[in-house]
Amino acid sequence: MPTPLLSVRDLVIEFPTRHGPLTAVDGVSFDLAAGEVLGVVGESGAGKSLTGSAIIGLLDPPGHIASGEIYLKGKRIDNLRAEDMRAIRGRHIGMVFQDPLTSLNPLYTIADQLIETIRTHLRLSEREARQRAIGLLDDVGIPAASRRIDDYPHQFSGGMRQRVVIALALAAEPELVIADEPTTALDVSVQAQIIDVLKEQCTQHGASVILITHDMGVIAETADRVAVMYSGRIAEIGPVREIIQNAKHPYTSGLMGSIPTLAQEEDRLVQIPGSMPRLSDIPPGCPFNPRCEKVFDKCRVQRPSLIPVENRQVACWLYEDTGTSEVAT
Amino acid sequence: MLAYVIRRVFQSIFVLLMVGLVAFSMFRFVGDPVENLLGQERTQADIERVRDQLGLNDPFPVQYVKFLGNALQGNLGVSYRQGRPVSEIIAERAPATLELAGVSALFAVVFGIGLGVFTAIRRDGFMANFIMTTSLIGVSLPTFLIGILLIYIFAVELGWLPSFGRGETVKIGGWSTGFLTESGLKAIILPAITLGLYQMTLIMRLVRSEMLEVLRADYIKFARARGLSTRAINFGHALKNTLVPVITVTGLQIGSIIAFAIITETVFQWPGVGLLFINAIQFVDIPVMAAYLMLISVMFVLINLIVDLLYFVIDPRLSAGASTRGH
């Protein structure tokens, strides 16, 4: 088996508080192959964004990686010196944030910001960098890129700005792009376009993508695999089709069941009763047990780890026995 | 943008007229200049003659309009006490105040921004905390006390710097400068620090809090995610965004540096317009006082105008109002 592009092993992220550390991400492990698109879904506070920030080394203090390892192309990156990690950001791992309106510095032109990024990572002259920048803008679908490049961010619409942000994230050809809710702040009408641009550009540049979102629809259309997160842990991870059509974890099936469809006529929207526990009182055993319909004694006592089932892994005691020796990808 | 500038200029003129009116009406209550002008042996006829000469018998609005009319022609009247044109006296004193204010402002801006950035970047460092604590002293001590303290330490105890005066000056055209002689340069250090210390700490604290705010902004996080160097992020991205709001306050503070030079000039016996004003108050020398107040308000208004226009240079979002193409 070839070395995965990215490998996260038992990642734990903690926030120190006066009442002891809060564990926001608890033992997350997954691999990402080159060129693969991994969707990460979950409710707010499930630890999706924190996992993304940890990979690119931009956790906001006081949050920090308490244990676990992150490998990029087999090389450990979670314990690098600040300066070495900086050289990886942008060059090997790019990131797209949620709000394009605030991601760009309002006082610099698009050209300034693109050229600065390109020249930080690649040995190019000002002219070459500018040419490259115009090319990038063209690729992400900015019309009249050679003219618009000297405009300021406020002269672009939200969708256009997110295209610029994608161009910036890809400016130095990173192998991995982490997109943290890239369409949440956008109009519904342009969300699909931005996802298309993101996917198309990453495919073209051969970059893998971690797409963090709470929009199952986006994942269904874009991702190869999906990781469902709950209370800082992965509940289920596997190929998108299989999980959407046949969710194993009760939380995942609840999540899928709560997506309204036009075909079924129902008076009320389906929802999972209760809400995700706060970080300070995650119950013992499986964190989902108070809300789970299929809960039994063991769930309240012992925490399930990821059990391989068919092509995927599920953190649920229901599958303890069915869990065979099949190796999950 | 032109419309904006014209509007601002009109606003400024209105402000100046109002300031002039208020100042001018207040002087009527300071005392009777004639008392001081004429000696003990005055007669009622003398008093009437002088009042008439000075135009003090005219109704108040007439006096004000006359004053404005003359001021517009550069004629600020004649000092009651010195018997010389006020414009001449002020022109003679202005270089001292402007040099002092200039050096103070430079000191305040350079150290204020420098230390502000330093304390923001090294937020939790020992030095940063030390500077922040010390800066409280600068904000809370009154100017005259700082001046006296500095004189005590550097002039009396250490004897390094002079405690008063401007030192030797050199005349270049109509401008007498203290920058070209050693004693002149030495003499300006203490008053300039005294005058600029408050503004320096104010600018420093403002820069620090603005910069901390900016460093939390999304575009700074995105700049980090793009792998830009810490230096480029702190000084290229964060500092420029920090300076936008800082400019207003700094501009206003430079205005007050000139205005508050009065106190420093008194403490250090600095021969500038502030000292002139203090002396004028003692003798109810209305033309000098009026001219000084008008001069200060012109400075304030001008600086404000410049600050507003500077925004356009720094922040493209303002000047592009008309040319926004967003779609």
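Remember, it's a predicted structure, so these values are computed and weren't measured experimentally. (Residues numbered from 1 in each chain as written. Chains lettered and ligands numbered in written order. Predicted model: local features only at pLDDT ≥ 70, side-chain atom pairs only at ≥ 80, totals over all residues. Heavy atoms only, no water.)

1. Section: the overall build of chain B
So, point 1. Counting secondary structure elements, chain B contains 14 helices and two strands.
So, point 2. Each principal axis of the C-alpha atoms in chain B carries an extent, and together these give about 85 × 60 × 35 Å.
So, point 3. Expressed as a percentage of its 327 residues, the buried residues of chain B come to 44%.
So, point 4. Contacts spanning at least 24 positions in sequence make up 71% of the contacts within chain B whose residues lie at least 6 apart.
So, point 5. When the accessible area of chain B is evaluated, it comes to approximately 16800 Å², of which 67% is carbon and sulfur surface.
So, point 6. With 25 positive and 21 negative side-chain charges, chain B shows a separation of 14 Å between the mean positions of the two kinds. (Helix = DSSP H or I, 4+ residues; strand = E, 2+ residues; numbered from the N terminus. Buried < 20%, exposed > 50% of the residue type's maximum accessible area, 1.4 Å probe, protein only. Contact = heavy atoms within 4.5 Å. Areas by Shrake-Rupley, 256 points an atom, 1.4 Å probe, with all protein chains shown as cover. Lys, Arg positive; Asp, Glu negative; His and termini not counted. Charge placed at Lys NZ, Arg CZ, Asp CG, Glu CD.)

2. Structural notes on the interface of chain B and chain A
So, point 1. Each partner contributes residues to the interface: chain B has 27 residues there, and chain A has 33 residues.
So, point 2. Joining chain B to chain A, the criterion identifies one salt bridge.
So, point 3. The salt bridge partner of D60 of chain A is K221 of chain B, with a shortest N-O separation of 3.7 Å.
So, point 4. For the interface between chain B and chain A, the tally reads 12 residue pairs in polar contact (both at pLDDT 80 or more).
So, point 5. When contributions to the side of chain B that touches chain A are tallied by element, the ones reaching two or more residues are α9 (218–225), α10 (230–259) and α14 (316–319) of chain B.
So, point 6. Per-element tally for the side of chain B that touches chain A: the top contributor is α10 of chain B, with seven residues.
So, point 7. A breakdown of the residues in the side of chain B that touches chain A according to their chemical character gives nine nonpolar, 10 polar and eight charged. (Salt bridge = Lys/Arg side-chain N within 4 Å of Asp/Glu carboxyl O. Polar contact = N/O pair within 3.5 Å; in protein donor to acceptor, adjacent residues only side chain to side chain. Nonpolar A, V, L, I, M, F, W, Y, C, P; charged D, E, K, R; others polar.)

3. Here we look at the nonpolar core
So, point 1. Counting residues in hydrophobic clusters, the biggest one holds 94 residues, and the most contacted among them are L6, F30, I55 and I210 of chain A.
So, point 2. If one sorts the elements of this core by residue count, helix α7 (residues 158–169) of chain A sits on top with seven residues.
So, point 3. I210 of chain A has contacts with L6, F30, L32, L38, V40, I55, L176, V177, I178 and A179 of chain A, leaving out every residue within four places of it along the chain.
So, point 4. Ranked by size, the runner-up nonpolar core spans 44 residues in total, among them L38, I47, V284 and V288 of chain B. (Core = buried A, V, L, I, M, F, W, Y, C linked by side-chain atoms within 4.5 Å.)

4. So, helix α7 (residues 143–157) of chain B
All names here are of chain B.
So, point 1. The end-to-end C-alpha distance of α7 is 20 Å, a good match for the 21 Å that 15 residues give at a rise of 1.5 Å each.
So, point 2. Every buried residue of α7 is listed here: I146, G147, L150, I151 and A155.
So, point 3. Turning to α7, the residues buried within the fold contact α6 (126–140), α8 (182–215) and α11 (261–267).
So, point 4. Looking at the residues trailing α7, positive phi occurs at G159, about 65 degrees. (Expected span 1.5 Å × (residues − 1).)

5. Some thoughts on the pairing of strand β6 (residues 93–96) of chain A
Residue and element names in this part refer to chain A.
So, point 1. Side chains I93 and M95 project from β6 onto one buried face, and the interleaved G94 and V96 project onto a second face that is buried too.
So, point 2. Strand direction decides the pairing type here: β6 and strand β7 (residues 176–180), joined by four bridges, are parallel. Note on β7: the bridge partner recorded for M95 is I178. (Pairing = 2+ DSSP bridges.)

6. Quick notes on the confidence of the model for chain B
Regions with low pLDDT carry predicted coordinates that are not meant to be interpreted in detail.
Residue and element names in this part refer to chain B.
So, point 1. Across chain B, the average pLDDT comes to 82, with 95% of residues at or above 70.
So, point 2. Across chain B, the element-wise mean pLDDT spans from 70 in helix α2 (residues 33–37) up to 90 in α9.
So, point 3. Scored as a whole, the predicted complex attains pTM 0.77, and scored at its interfaces, ipTM 0.84. (pLDDT = per-residue confidence, 0-100.)

7. Things to note about the pattern of salt bridges
Side chains that carry opposite charge are capable of pairing whenever their charged atoms lie near each other.
All names here are of chain A.
So, point 1. Applying the stated criterion across every chain yields a total of 23 salt bridges over all chains.
So, point 2. For K48, the salt bridge goes to E181, with nearest N and O atoms at 4.0 Å. Here E181 lies in the loop between β7 and α8 (188–204) and K48 lies in helix α1 (residues 48–56), a separation of 133 residues in the sequence. The pair formed by K48 and E181 is uniform in burial state, with each residue classed as buried.
So, point 3. Look at the salt bridges and you will find they share partners, linking D26, R233 and R303 into a network.

8. Some details on helix α5 (residues 126–139) of chain A
All names here are of chain A.
So, point 1. Taking 1.5 Å per residue, 14 residues should reach 20 Å; α5 reaches 20 Å between its end C-alpha atoms and fits that length.
So, point 2. Taken as a whole, α5 has its buried residues at A129, A133, I134, L136 and L137. Projected down its long axis, α5 shows its buried positions confined to an angular sector of 160 degrees, all on one face. The outward face of α5, more than 90 degrees from its buried face, is lined by the exposed residues R127 and Q131.
So, point 3. In this structure, the buried residues of α5 make contact with α4 (110–121), α6 (145–148) and α7.
So, point 4. Downstream of α5 by a residue or two, G141 has a phi angle that is positive, lying close to 85 degrees. (Arc of directions from axis to C-beta.)

9. Points about the environment of A3 of chain B
So, point 1. Within the secondary structure, A3 of chain B is located in helix α1 (residues 2–27).
So, point 2. As for A3 of chain B and R49 of chain B, which are separated by 46 residues in sequence, their C-alpha atoms are 50 Å apart.

10. Things to note about the state of the cysteines
Residues and elements named next belong to chain A.
So, point 1. A complete count under the given rule lists zero disulfides over all chains for this structure.
So, point 2. Unpaired in this structure, C292 has its nearest cysteine sulfur neighbour in C316, at a distance of 6.1 Å.
So, point 3. Judged by its relative accessible area of 14%, C292 falls in the buried class. (Disulfide = S-S within 2.5 Å.)

11. Re the sheet that holds β7 of chain A
All names here are of chain A.
So, point 1. Here eight strands make up an open sheet; going across it, the order is β6-β7-β8-β3-β9-β10-β12-β11 and the pairing mixed. A strand with exactly one partner marks an edge of an open sheet, and here the two such strands are β6 and β11 (307–309). Each strand axis lies, on average, 20 degrees off the axis of its neighbour in the sheet, ignoring direction.
So, point 2. Where α8 meets the sheet, it contacts β3 (37–41), β6, β7 and β8 (208–212), and its direction lies at approximately 155 degrees from that of β8. (Axes fitted to C-alpha atoms, helices over the stretch in contact; angles between N-to-C directions.)

12. Quick notes on the packing of helix α5 (residues 86–121) of chain B against α8 of chain B
All names here are of chain B.
So, point 1. Direction vectors running N to C along α5 and α8 enclose 35 degrees, while the axes themselves pass 6 Å from each other. For the crossing formed where α5 meets α8, the hand is right-handed.
So, point 2. When the residues that make up the contact of α5 with α8 are grouped by side-chain class, the tally is 25 nonpolar, six polar and two charged. (Left-handed = near helix turned anticlockwise from the far one by under 90°.)

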